[in-house]
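Overview (structure and organization)
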Amino acid sequence: MRLRNKPWAEDKIKQYPQYVVPEPEKWRGKWRELFGNSRPLHIEIGTGKGRFIAGMAEQHPDINFLGIERQPSVIVSALDKLIEKELGNVKLLNVDGSRLRDFFAKGDVERIYLNFSDPWPKKRHEKRRLTYRMFLKLYEDILVEGGEIHFKTDNQGLFEYSLQSFSEYGLLLKNISLDLHNSGFEGNIMTEYEEKFSAKGQRIYRCEAKYRN
Ligand code: SAM
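Before going into details, it helps to say that this report is about the structure given with it. (Residues numbered from 1 in each chain as written. Predicted model: local features only at pLDDT ≥ 70, side-chain atom pairs only at ≥ 80, totals over all residues. Heavy atoms only, no water.)

Some words on the sheet that holds strand E5 (residues 143-153)
To keep it simple, the criterion reads: DSSP-based pairing: two strands are paired if at least 2 bridges between them are found. Here a helix means four or more residues in a row that DSSP labels H or I, a strand means two or more in a row labelled E, and each is numbered from the N terminus. Axis definition: a line fitted to C-alpha atoms, over the contacting stretch in the case of helices. Angles run 0 to 180 degrees between N-to-C directions.
Taken in spatial order, the 7 strands make up an open sheet running E3-E2-E1-E4-E5-E7-E6, and their pairing is mixed. Two strands in the sheet have a free side with no partner beyond their single neighbour: strand E3 (90-93) and strand E6 (172-177). Mean inter-strand twist for the sheet, computed between neighbouring axes without regard to direction, equals 20 degrees. In the sheet, strand E1 (residues 41-45) pairs with strand E4 (residues 109-115) via 4 bridges, with the strands oriented parallel. Among the inter-strand pairings, Ile43 is bridged to a residue of E4, identified as Ile112.

Written as structure tokens, this is what we have:
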């Protein structure tokens, strides 16, 4: 994500606590109270400018969504979408995904979306990839039993790495697509990166990985 410095971003985030949750630690194990209902909770890590999470919330009013993005200058674009759409079932967290255990107890989350995660192609940066085994353990610690990760990317190398990482961790792989946009998959919500890369003719890879516990 190319970052444009927006020095005003943090102030704007603070002005919308109804959309960017302040002190998310407070809601650990209690997200249903924050949303005011007991619908399932789906989270996206690396939400970027928020097209996916806002579109999913619109398409699935029966699900609560949280978009997690660590860059204030990026999450403000997602915030703008939520302000415009006025949806009650989606909020944002301006935090680092590596701290998920601080914000979610075991079973708080039904599904995790990873979309166009940074590929970190150098071997020495493997631990930063959001599909590295340490992240898979982190996800297991907050998901319901049998919870799922839904992953899509344009990056073949990251996709191959992730399939292997999921499989070595013992996850059950489902609905693998090597060309999502020509796969007949229904209800796909395009992310900003997805739109950019598919417009350049790049294929989109997708899979679902389910914990067996
Ligand atoms: N998902 C969006 C899309 O498809 O358009 C954005 C993709 S962009 C390549 C990756 C985003 O993930 C960046 O905005 C980055 O700041 C965010 N990100 C990367 N690692 C993260 C982490 N550990 N916690 C929260 N956000 C993260």
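Side note on helix H6 (residues 133-140)
Since there are 3.6 residues in each turn of an α-helix, residues three or four apart along the chain are aligned in direction. Threshold: When accessible area is computed with a 1.4 Å probe and restricted to protein chains, residues below 20% of their type maximum are described as buried, those above 50% as exposed, and intermediate ones as partly exposed. Here the arc refers to the directions that run from the helix axis out to each C-beta atom. Two residues qualify as a contact provided that any one of their heavy atoms is within 4.5 Å of a heavy atom in the partner residue.
The complete set of buried residues in H6 reads Phe135, Leu136, Leu138 and Tyr139. In an axial view of H6, the angular spread of the buried residues amounts to 155 degrees, which keeps them on one side of the axis. For H6, exposure combined with an orientation more than 90 degrees from the buried face picks out Arg133 and Met134. Buried-residue contacts for H6 involve E1, helix H5 (100-103), E4, E5 and helix H7 (156-169).

Brief notes about the nonpolar core
How we decide: Joining through side-chain atoms within 4.5 Å is the link that ties buried Ala, Val, Leu, Ile, Met, Phe, Trp, Tyr and Cys residues into a set, and such a set is a nonpolar core.
Among the nonpolar cores identified, the biggest contains 35 residues, and Trp31, Ile43, Leu100, Phe104, Ile112, Tyr139 and Ile149 are the most heavily contacted of them. Not counting chain neighbours up to four residues away, the residues in contact with Ile43 comprise Leu66, Ile68, Leu100, Phe104, Val109, Arg111, Ile112, Tyr113 and Ile142. Of all hydrophobic cores here, the second largest spans 21 residues; its members include Val20, Phe52, Val90 and Ile189.

Regarding H7
What counts here: To estimate the expected span of a helix, subtract one from its residue number and multiply by 1.5 Å. Pairing of N or O atoms within 3.5 Å defines a polar contact, subject to two protein rules: one partner must be a possible hydrogen donor and the other a possible acceptor, and residues neighboring in sequence count only if both atoms are side-chain atoms.
Helix length check: H7, at 14 residues, gives a terminal C-alpha distance of 20 Å against a target of 20 Å (1.5 Å per residue), a fit within 8%. Along H7, the residues that are buried comprise Leu158, Phe159, Tyr161, Ser162, Ser165 and Phe166. All buried residues of H7 project into a common sector of 165 degrees when viewed along the axis, lining one side. In H7, the exposed positions that point more than 90 degrees away from the buried face belong to Gln164 and Glu168. Looking at the buried positions of H7, the neighbouring elements they touch are H6, E5, E6 and strand E7 (205-210). The N-cap of H7, judged by a side-chain oxygen 3.1 Å from the amide nitrogen of Gly157 a few residues on, is Asn155. Gly170 lies just past H7 and shows a positive phi near 95 degrees.

Comments concerning the layout of surface pockets
This is how it is decided: Here the term cavity refers to a set of points on a 1 Å grid, laid over the protein atoms alone, in which a 1.4 Å probe fits but cannot get out; the term pocket refers to an open set having protein on both sides within 12 Å along at least five of seven lines, with lining residues being those that place an atom within 4 Å of a point. Grid points are joined across faces, edges and corners, and a volume is the space filled by probe spheres set on the points. Residues are sorted three ways: Asp, Glu, Lys and Arg are charged, Ala, Val, Leu, Ile, Met, Phe, Trp, Tyr, Cys and Pro are nonpolar, and all the rest, Gly among them, are polar.
A volume near 690 Å³ is recorded for the largest pocket. Every element with two or more residues in the lining of the largest pocket is listed here: E1 and helix H8 (192-199). At 3 residues, the largest contribution of residues to the lining of the largest pocket is made by H8. By residue class, the composition of the lining of the largest pocket is 14 nonpolar, 11 polar and 9 charged.

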